[in-house]
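What the coordinates show
Residues per chain are reported as follows:
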Amino acid sequence: MSSKFNADEILSQLGKTQTSVYLWRTGWGDKETFDTLHEALRFVRADKSDPVKLEVHVHTSGDGWIFDGDNLNALVARGGDKNDPGGYGNGGTGDGGG
């Protein structure tokens, strides 16, 4: 039995952690690194480049955390800005989840 993804809990635990955003395109990729997960989510929300797939990698000791698809959409909807709960808007994560 899988537990329901809790974006608020993730943001509470990892919101101030250094994070990289990977924008995968056909044949190549791009990476942007941010001081916090919140900054990375603001970037994801504003990105209009329509990548094939988009992943957010939160840097922690050990393996770190990778978010994409529906889980990333939930994080973007809740954590792009503490004062603007918003959502991903017209975009998506490039994998059909958004």
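Before reading further, recall that the structure is shown in the block above.
To start, this report covers the structure provided alongside it.

The rules we used
The residue numbers shown here count from 1 along each chain, following its written sequence. Since the coordinates come from a predicted model, pLDDT governs what is reported: local features require at least 70, and pairs of side-chain atoms require 80 or more to be given and counted, while whole-chain, interface and lining totals use all residues. Based on all heavy atoms of the structure, the side-chain values leave hydrogens and waters out of the count. A run of DSSP states H or I qualifies as a helix once it reaches four residues; a run of E qualifies as a strand once it reaches two. Both are numbered from the N-terminal end. Summary of the burial criterion: residues with accessible area below 20% of their type's maximum are buried, those above 50% are exposed, and those between are partly exposed, where the area comes from a 1.4 Å probe applied to protein chains only. What makes two residues a contact is simply this: any of their non-hydrogen atoms within 4.5 Å. Note that accessible areas follow from Shrake-Rupley with a 1.4 Å probe, and for residues the cover is restricted to the protein chains shown. Arc definition: it is the arc formed by the directions from the helix axis to the C-beta atoms. We define a nonpolar core as any set of buried Ala, Val, Leu, Ile, Met, Phe, Trp, Tyr and Cys residues linked to one another through side-chain atoms lying within 4.5 Å. Stacked, tilted and edge-to-face pairs are distinguished by plane angle, under 30 degrees for stacked and over 60 for edge-to-face with tilted covering the rest, among Phe, Tyr and Trp rings (Trp via its six-membered ring) whose centres lie within 6.5 Å.

1. Re the overall build of the protein
- Helix and strand counts for the protein come out as 3 helices and 4 strands.
- Listing every helix and strand of the protein by position from the N terminus yields α-β-β-α-β-β-α.
- Residues counted as buried form 39% of the 98 residues belonging to the protein.
- Within the protein, contacts between residues separated by at least 24 positions form 57% of all contacts whose residues are at least 6 apart in sequence.
- In the form shown here, the protein has an accessible surface area of approximately 5800 Å², with 46% of it arising from carbon and sulfur atoms.

2. Re helix α2 (residues 37–46)
- Three or more residues of α2 are buried, namely Leu-37, His-38, Ala-40, Leu-41, Val-44 and Arg-45. Each buried residue of α2 sits inside an arc of 160 degrees when the element is viewed along its axis, so together they form one side.
- Among the structural elements, α1 (7–14), β1 (19–25), β2 (28–34), β3 (53–58) and α3 (69–79) are those in contact with the buried residues of α2.

3. Some details on the nonpolar core
- Counting 18 residues, the largest nonpolar core has Val-21, Leu-37 and Val-56 as the members making the most contacts within it.
- Elements represented by at least two residues in this core include exactly α1, β1, α2, β3 and α3.

4. So, the packing of aromatic side chains
- The tally for this structure, following the rule as stated, stands at 4 aromatic pairs.
- A centroid spacing of 5.2 Å and a plane angle of 40 degrees characterise the contact between Phe-34 and Phe-43, whose relative ring orientation is tilted.
- With a relative accessible area of 15%, Phe-34 lands in the buried category.
- Judged by its relative accessible area of 23%, Phe-43 is partly exposed.
- Ring plane angle 20 degrees and centroid distance 5.9 Å describe the contact between Trp-65 and Phe-67, whose orientation is recorded as stacked.

Spatial relationships are all this shows, so hold off on functional conclusions.
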